Structure formats: C-alpha cells, structure tokens
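Secondary and tertiary structure notes
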Amino acid sequence: MKFAILSFALGSGAAFAQTPAVKPGTIATVSLSATIATESVVTQNLSGGAKRKTYTTGTVRLLSRDILEAMRTASLLDGNIKGWTLSRLANTSDVGNLYATKAGKTAVAVPATLLTQPVVQSYASTGTVITPATGAETVKLKRQAYATLTVRGGASNAAGNQKLVGGGVKIGSQVTPVLLRSESYSLIGKAATGNSVIGGTYTTSQSSPINLTPLLPGATAP
Amino acid sequence: MIATLPRMKAHLFSAAGVLLIALALMPWSKSRQGPPEPSDPARPAPSKSSGPARRETPSLPSAQEAMAPLEPTELAGILQRIEDAVTSYDPAGVKVLKDLLLDSHVEVRTAAREAMVQLGETDGIPVLRQAATRMQDPAEARACREAADFLELPSWSDTQDAREATAELRGENEPPPP
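Just so it is clear, the structure is predicted and the values come from calculations on it, not from any experiment.

Here we come to the overall build of chain B. Per the secondary structure count, chain B includes seven helices and zero strands. In sequence order, the secondary structure elements of chain B are arranged as α-α-α-α-α-α-α. Put simply, of all contacts in chain B between residues at least 6 apart along the chain, 59% involve residues at least 24 apart. Of the roughly 12700 Å² of accessible surface on chain B, 60% is carried by carbon and sulfur atoms.

Quick look at the structure:
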C-alpha cells in the first residue's frame, strides 16, 4: 500500500515536472479592404447585320470577413465566423503565413486560392540594426516596400510601408528575441479569370509576441 | 406780488414732491424694466441666457482643444473593445463602434472607423454618414463618407465567384475516392 502510494506520488510528480512545449513567435491581425470591379458585356444585334456591345462594370467589396466566410462555407472553420480573425503568424525570424485564428482553437491556414500574404520583392530601408558582440540584433527599421500577392488567385502588386522592430517573447522565465512587423500596402491586381480589377488596402497591425503552441500544436510551424 | 408767494410755494412743494416720488420710484422701475427694444440703437442686443454661451449639439474638440493623450493601458482596452466588436460579425458591433466614432482622441476615432469597415455590417452606413456631419476635420469627414460608400457595395460573399471558390475548397478537402 505504501509502495503503491509512493509510486503514485512519484508518477504524479514526474507528470507535473514536465513543461509544455513552447514555440515563440508573433501574431498580427490582417485587415483586407478591397473592391473587385468585373466587366460584363451584352451584345445586341442591330439592323443591317450590325452589332452593339454594351459594357457594364459591377463592383463588390472584399474584406477579411469574406475570406473567413469562404473558409467557413468550405467547412474549414467551426461553423461560425464569430470570434475568428484573419491573422499572420510568424516564427522568431518573422517567417510566417496567413491563418484564421480563434482563442482556444487550432489555427487554420488560409487557402492560397483565396489570399496569399505579400512577398516583398524590393525595399528601401531607413533606421538601424545593431549587432552586439554577443546576443541578438536590435532592429528598428522603416521600409518602403514593393510586394506581390494573390487575391482570389489573381496576381496583385502592393506598394507601401513596413516597420520592423526587435522585441521579445517571455514564456516562463525565458525571453526569446523576436522580430515584430507591421505593414500597410495599397494593392492593385487582377482576377484569375475574366476581366476584373482588384484595388484596395492590405494592412497588418503591429505584431505581438506570442507562444504559438496553442494555435499551432505539435511540430506545425508557421 | 405778495399774494402770489403762497401760490408759488405750493407749486414748489408740489414739484419737489413729484421729484422725490420720481426719485424713489426709479430703482424699482429699473428692476422691472424688460430687455430693450431691438430697434434701440443705444443698447446692444441682449443674450438669450444670462449664463455662459452653451452649444446646442456637442461637437468634437478642435485640434487646439485636443484631450490629453490616452494612457497605453487605456488605449489597449479601447482597442480590445473595438476588436471584440469586429469579431462579433454582428449588427450589435455597430452600436459599440458608434460611440467611439466620435471619441475625443483621433486614434480611437480612426480605429473605430476602420473597424466599422472591417465589421462589414450595412447598419454602419447611416452611422458613418451621421458621424461625417459632426467631424471638424474635413479629412476625417471624407473618410467616414468613403467608408459608408464602401459598405454600400455588395459583398463578395454573395457573388457567384464566392460560391465557386468555396466549391473548389470543398473539392480539395474531400477525401479521394477509394
């Protein structure tokens, strides 16, 4: 009996001594606000064999909410978009991707056929990067940036600004350096099919340090 | 001559009496005196109230009258309320953002306006247009009107393209046939 109690105590103590896996990273809210103008044409036969084509343009709005709604309709979310946010999750080096996130739920990657994140093709920076003899860099940069992305499968160009600032994720007693980013772009592009023009803005809030494990359990990396 | 003296004295006493009575009545009559006639050039037009001038409708402070900047924790709390309103994706979120559209701090007004767009509820259209009429900064008023114009557009989620997009996704997510 005493041996059984001791074994149970040792087992419980061993279980409590294990710490959950931590995955330092960052999270930022993505705000997409765009219009999609699509051309339609009606051909009318006129007398004498002539034809008249009448062109009209219909415009709709596209928001982060619509991306989440498409994911919900495709059964990728939990059946309701309430509480879900379009976010960018990244590791400590700011390598990341777009996800639908909700507290208490595993993050769901945004399908590339809906939206991809801007990929910077060229930039011009202002600021400082201090590299100490030992330890992490201290980054404080503002960038004018040109980037490319896809919206509804169509190629788009983005022009705007990035801000990169060094920060830290404190999990327990350990602080891990991370790179915090915010972006603001004007975008212009086309749809994958048909004659459409997409225009609007793509912005991310200043990213915050976070432990990514609850959102990306296991070995999943952003 | 001698016979007129008593008559003169009587007249003098009468005149003095009238003068005294007039002097006595003067303060009382002044207190009962109403506002001067508008056509009276000698006096300026009276104010409607005796107290300091009051505005009928509250308006946002001008740049010179700007409130003290928000404490970081207070701003963070307001931004969290804004984010919660957006992620409700419900018309009730419009009510939360409505009051913040006219906050005395420009960063709160800006965040609330952008949140109203991201919320995507058409109930926000009249709210934004009304807020535009009460903005002192023409740029903010224009931004509110443009946000209202944007929300008036049909949503992409209601289009055939959206239905095709979700059908593609469902096809990708379905397991392959055995």
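Our next topic: the layout of surface pockets. For the largest pocket, the calculated volume is near 1600 Å³. What lines the largest pocket is a set of 48 residues, among which Thr29, Ser31 and Ser205 of chain A together with Glu83 and Glu114 of chain B lie closest to the centre. Those elements that provide at least two residues to the lining of the largest pocket are β1 (24–45), α2 (64–73), β3 (85–91), β10 (196–204) and β11 (208–211) of chain A together with α2 (72–88), α4 (106–119) and α6 (138–152) of chain B. By residue number, the principal contributor to the lining of the largest pocket is α2 of chain B, which donates nine residues. Reported here for the second largest pocket is a volume of approximately 410 Å³. Forming the boundary of the second largest pocket are 19 residues, of which Thr38, Ala191, Thr193 and Ser196 of chain A together with Asp161 of chain B lie nearest the centre. Take the lining of the second largest pocket: its biggest share by element is four residues, from helix α7 (residues 160–173) of chain B.

End to end, α6 of chain B covers 21 Å across 15 residues, agreeing with the expected 21 Å (1.5 Å per residue, within 8%). Within α6 of chain B the residues assigned to the buried category are Glu140, Ala141, Cys144, Ala147, Ala148, Phe150 and Leu151 of chain B. On its buried face, α6 of chain B is in contact with β1 and β2 (51–63) of chain A together with α4 and α5 (124–133) of chain B. Sitting at the head of α6 of chain B, aspartate 137 of chain B places a side-chain oxygen 3.0 Å from the backbone nitrogen of alanine 139 of chain B.

Once that is clear, we can look at the interface of chain B and chain A. The interface is formed by 26 residues belonging to chain B together with 30 residues belonging to chain A. Of all residues in chain B, the largest losses of buried area upon contact with chain A belong to Tyr89, Gln118 and Trp156 of chain B, amounting jointly to 30% of the total for that side. Here chain B and chain A share three salt bridges between them. If you look at where chain B meets chain A, you find 15 residue pairs in polar contact (both at pLDDT 80 or more). When residues of the side of chain B that touches chain A are traced back to their parent elements, those giving at least two are α2, α4, α6 and α7 of chain B. Sort the elements by how many residues they give to the side of chain B that touches chain A and α7 of chain B lands first, with eight residues. Grouping the amino acids of the side of chain B that touches chain A by side-chain chemistry returns 10 nonpolar, 10 polar and six charged.

The next subject is the pairing of β10 of chain A. Residue and element names in this part refer to chain A. In this structure, β1 lies alongside β10, joined through nine bridges in antiparallel fashion. Across the sheet, the residue bridging to leucine 32 is tyrosine 202, located in β10. Relative to β10, strand β9 (residues 174–190) runs antiparallel, the two sharing eight bridges. Bridge pairing in β10 places leucine 187 opposite glycine 200. Where β9 folds back onto β10 in an antiparallel hairpin, the turn is made up of five residues, including glycine 194, whose phi is positive at roughly 75°.

Below, the discussion takes up unusual backbone geometry. All names here are of chain A. Located in the positive-phi region is aspartate 94, a residue other than glycine, with phi close to 70°. Checked against the element boundaries, aspartate 94 lands in the loop between β3 and β4 (96–101). We note that arginine 152 has phi near 55°; this positive angle belongs to a residue other than glycine. Looking at the secondary structure, you find arginine 152 in the loop between β7 (138–151) and β8 (154–171).

Here the focus is the side chain of threonine 204 of chain A. Residue and element names in this part refer to chain A. Secondary-structure assignment places threonine 204 in strand β10. According to the relative accessible area criterion, threonine 204 is buried, its value standing at 8%. Apart from the residues within four sequence positions on either side, threonine 204 is in contact with Ala28, Thr29, Val30, Arg181, Ser182 and Glu183.

Turning to the pattern of salt bridges, a few remarks are in order. Applying the stated criterion across every chain, the model contains 12 salt bridges over all chains. We note a salt bridge from arginine 88 of chain A to aspartate 94 of chain A, for which the minimum N-O separation is 2.9 Å. Of the two residues examined, arginine 88 of chain A and aspartate 94 of chain A, each falls in the buried class. Residues arginine 129 of chain B and aspartate 149 of chain B are paired through a salt bridge, measuring 2.7 Å at the closest nitrogen-oxygen approach. Placement of arginine 129 of chain B in helix α5 and of aspartate 149 of chain B in helix α6 is noted, with a sequence separation of 20 residues between them. A relative accessible area of 29% places arginine 129 of chain B in the partly exposed class. What makes aspartate 149 of chain B partly exposed here is its relative accessible area of 40%.

All names here are of chain A. For the structure on display, the rule yields one cavity of 30 Å³ or more. Every residue lining the largest cavity is listed: Thr26, Ala28, Arg88, Arg181, Thr204 and Ser207. Partitioned by chemical class, the residues of the lining of the largest cavity number one nonpolar, three polar and two charged.

Our next topic: α2 of chain A. Note on helix geometry: an α-helix contains 3.6 residues per turn, so any two residues three or four positions apart are oriented the same way. Along α2 of chain A, seven of the 10 residues are buried, which leaves the element largely enclosed by surrounding structure. Where α2 of chain A ends, the next residue or the one after it, serine 75 of chain A, has phi of about 65°, a positive value.

Calculation criteria
- Residues numbered from 1 in each chain as written.
- Chains lettered and ligands numbered in written order.
- Predicted model: local features only at pLDDT ≥ 70, side-chain atom pairs only at ≥ 80, totals over all residues.
- Heavy atoms only, no water.
- Helix = DSSP H or I, 4+ residues; strand = E, 2+ residues; numbered from the N terminus.
- Contact = heavy atoms within 4.5 Å.
- Areas by Shrake-Rupley, 256 points an atom, 1.4 Å probe, with all protein chains shown as cover.
- 1 Å grid on protein atoms, 1.4 Å probe; cavity = no way out; pocket = protein on both sides within 12 Å on 5 of 7 lines; lining within 4 Å.
- Points joined across faces, edges and corners; volume = space filled by probe spheres on them.
- Expected span 1.5 Å × (residues − 1).
- Buried < 20%, exposed > 50% of the residue type's maximum accessible area, 1.4 Å probe, protein only.
- Polar contact = N/O pair within 3.5 Å; in protein donor to acceptor, adjacent residues only side chain to side chain.
- Buried area = accessible area lost by both parts, 1.4 Å probe.
- Salt bridge = Lys/Arg side-chain N within 4 Å of Asp/Glu carboxyl O.
- Nonpolar A, V, L, I, M, F, W, Y, C, P; charged D, E, K, R; others polar.
- Pairing = 2+ DSSP bridges.

Everything listed is a geometric property; what it means functionally is a separate question.
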